[in-house]
Amino acid sequence: MTGMVADNIHLPNRRLLSAMKLTISRESLLTPLQSIAGVVERKQTMPVLSNVLLVAEDNTLTMTGTNMEVELVGRITPVHVDQPGKITVPARKLADICRALGDEAPIELAQEGDRLHLRCGASHFTLSTLPAEHFPNVEDDAESFRLDVPQKELSRMLDATAFAMAQQDVRYYLNGLLLEVDQGHIRTVATDGHRLAMAHFDLPTGSDLRQVIVPRKGVLELARLLDDVETPVTLVVGDNHLRATVGSYTFTSKLIEGKFPDYNRVIPRGGDKIVLADRATLKNTLQRAGILSHENIRGVRLNLAPNELQVFANNPDQEQAEDALPVEYQGESLQIGFNVGYLVDVMNALDEDQVKITLSNPNSSALIEAQNDNRCLYVVMPMRL
């Protein structure tokens, strides 16, 4: 951010920058603007945090949005820049205007005093602005390590685990996702204390064990940037930040300080009751029974018997649901309760046809995996019903 001394020395440049003017196509502006506006929170303690920073120079428009925890920078080129400059404008209002415009005419952005004028064909909008100097920037910190991961693999790992993150838990380190790198592996792990999700990908190169916790907002925004392509995304991890470069975007997130739970202690070992089921059938059965479960605790009871799994639910209104599906299982009968929402979340996260559930007793957690894919595993704690 430009300091006050520098501003006083370069007054001519400052006047030059105060008159930004450029022309850009709606399509070029709208897509990155929508992504960056998604980072901006609707309610802010600082008015400038509701704005997007626009910097026009060298035939490039750079846009930045932040909520002080996550920052997203998008670069658009080539752009016809008549006058270089920088200013901040309300992010969502600008995005809504661009979304409502037609594709036919180019968009002209011109700053006049403390207003930004947007013209497109017969349409003319005047937006309030705040000085670019008021916009916060993310501090750079020393790089700890970096690695390249195929976008499709990082996207898969985030999608497979992010749903298990806690929301507004007093144990702040649970309100995020563990990113772990060690010899030949990268892992993502999330838990809210009642369930755990873990995914991994084999890396061609190894390193010493490194662990960072990425906050919930950062995980969700990074996941939106990734595509189902082999093109690598570069992750640069510092002491306090994670930075990812994805195409023309630079994403930065603060890290959560704290010690993530030892997930290996949570994973049940030695379960002797192994159930194989069709994932889609099991999901549909759980969803049907869950309709009549208690709306707060969402509990369902599973009765496991040879070649059959029965699902029961009831609620305080004396309503009941009973359903069943065929499974591959040969062993002792078992009754165990679970939060049906947690089980359905796992079924949604898995993409294999067959699911494997390993159980031991009514008081032990269930270990759930795809039958033929060990890249993801899930742990769900039982409930007393």
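Residues numbered from 1 in each chain as written. Predicted model: local features only at pLDDT ≥ 70, side-chain atom pairs only at ≥ 80, totals over all residues. Heavy atoms only, no water.

Considering the confidence of the model for the protein
The test is simple: On a range of 0 to 100, pLDDT expresses the predictor's confidence in each residue. Two residues form a contact once any of their heavy atoms are found within 4.5 Å.
Looking at the protein as a whole, the pLDDT averages 92, with 95% of positions reaching at least 70. Per-residue pLDDT stays below 50 along residues 1-17; that stretch engages in 15 contacts with residues further than four places along the chain or on separate chains.

Structural notes on the UniProt feature "domain: DNA polymerase III beta sliding clamp N-terminal" (unreviewed entry) in the protein
What counts here: UniProt positions are given in the numbering used here, feature names are shortened, and annotations may be inferred rather than shown by experiment. Starting at the N terminus, helices and strands are each numbered in turn, a helix being any DSSP run of H or I of at least four residues and a strand any DSSP run of E of at least two.
Mapped onto the present numbering, the UniProt feature "domain: DNA polymerase III beta sliding clamp N-terminal" (unreviewed entry) falls on residues 20-138. For residues 20-138, helix accounts for 20% and strand for 45%, while the C-alpha atoms at its two ends are 24 Å apart.

Some words on the sheet that holds strand S21 (residues 320-326)
Two pairing modes exist for strands in a sheet, parallel and antiparallel, and in both the strands are linked by backbone hydrogen bonds. Using the following cut-off: Pairing between strands is defined by DSSP: at least two bridges between them are needed. For helices, the axis comes from a line fit to the C-alpha atoms of the stretch in contact; other axes are also lines fit to C-alpha atoms, and the angle between any two N-to-C directions lies between 0 and 180 degrees.
Taking strand neighbours across the sheet as the criterion, the four strands line up as S21-S20-S19-S22 in an open arrangement whose pairing is antiparallel. Each having just a single partner strand, S21 and strand S22 (334-339) make up the two edges of the open sheet. The average undirected angle you get between the axes of adjacent strands in this sheet is 20°. Pairing of strand S19 (residues 299-305) with S22, which is carried by six bridges, proceeds in the antiparallel orientation. What sits directly across from Arg301, in S22, is Gly337. Packing of helix H8 (residues 279-290) onto the sheet brings it into contact with S19, strand S20 (308-314) and S21, and relative to S21 it is tilted by some 170°.

Quick word on the UniProt feature "domain: DNA polymerase III beta sliding clamp C-terminal" (unreviewed entry) in the protein
Those places that UniProt annotates as "domain: DNA polymerase III beta sliding clamp C-terminal" (unreviewed entry) correspond, in this numbering, to residues 265-384. Within the segment residues 265-384, helix and strand shares are 20% and 43% respectively, and the terminal C-alpha atoms sit 22 Å apart.

Some points on the nonpolar core
Stated formally: Side-chain atoms within 4.5 Å are what join buried Ala, Val, Leu, Ile, Met, Phe, Trp, Tyr and Cys residues into a set we call a nonpolar core. Relative accessibility decides the category of a residue: with a 1.4 Å probe and only protein chains considered, values under 20% of the type maximum give buried, values over 50% give exposed, and everything between is partly exposed.
In terms of nonpolar packing, the biggest core is built from 102 residues, with Leu54, Leu61 and Ile368 touching the most fellow members. Not counting the four nearest positions on each side in its chain, Leu54 is found in contact with Met20, Leu61, Thr62, Met63, Gly85, Lys86, Ile87, Val89, Leu94, Leu109 and Leu116.

Observations concerning the domain arrangement of the protein
Worth spelling out the cut-off: For every domain, the bounds stem from an assignment made automatically or drawn from a database.
Split into domains, the protein comes out as domain 1 (21-134), domain 2 (145-264) and domain 3 (267-383). Computed from C-alpha coordinates alone, the two centres of domain 1 and domain 3 are separated by 49 Å.

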